[in-house]
Amino acid sequence: MSEHKHTHSHEHTKEVSNRLARAIGHLQKVKQMVDDGEDCSDVLIQLAAVKSAINNTGKVILKDHLEHCIVHAVEDGDTEMLDELNAAIDKFMK
């Protein structure tokens, strides 16, 4: 990661933190289900819910990043930030 001239302002930090806490709780529940030998179909359904929660959290982070960090970077002429965003999106979308 490189150093950027602008500040990283995120409006939804509390929301992201809460979403992550819920996803962690769900993932811990999935682990417990596996440890308890629960039905594989039920485990897969819960894993799908965890994936959805993580993807939705990623959307919130991406929107914040676009609305704040990227806008400021473009205003400052920081085109490297766009390359970093594209790389991050590629990794997130795998």
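As shown above, the structure is provided for reference.
Below or above, wherever it landed, is the structure these notes cover. (Residues numbered from 1 in each chain as written. Predicted model: local features only at pLDDT ≥ 70, side-chain atom pairs only at ≥ 80, totals over all residues. Heavy atoms only, no water.)

## Let's talk about the pattern of salt bridges
- What the rule picks out here adds up to 2 salt bridges.
- One salt bridge connects Asp35 with Lys31, and the closest N-O pair in it is separated by 2.8 Å. Here Asp35 and its partner Lys31 are both found in helix α1 (residues 13–35), 4 residues apart, which amounts to about one turn of the helix.
- Taking the relative accessible area as the measure of exposure, Lys31 reaches 53% and is therefore exposed. (Salt bridge = Lys/Arg side-chain N within 4 Å of Asp/Glu carboxyl O. Helix = DSSP H or I, 4+ residues; strand = E, 2+ residues; numbered from the N terminus. Buried < 20%, exposed > 50% of the residue type's maximum accessible area, 1.4 Å probe, protein only.)

## Observations concerning a negative patch on the surface
- On the surface, Asp36, Glu38, Asp39 and Asp42 cluster together to form a negatively charged patch.
- Topologically, Asp36 is positioned in the loop between α1 and α2 (40–75). (Patch = residues over 30% accessible without salt bridge, like charges linked within 9 Å, V, L, I, M, F, W, Y side chains within 5 Å. Areas by Shrake-Rupley, 256 points an atom, 1.4 Å probe, with all protein chains shown as cover. Lys, Arg positive; Asp, Glu negative; His and termini not counted. Charge placed at Lys NZ, Arg CZ, Asp CG, Glu CD.)

## A few points about the environment of Met93
- Mapped onto the fold, Met93 is located in the segment after α3 (80–92).
- Accessibility expressed as a relative area gives 60% for Met93, which makes it exposed.
- Linking Met93 and Gly58, residues 35 residues apart in sequence, is a C-alpha distance of 9.8 Å.

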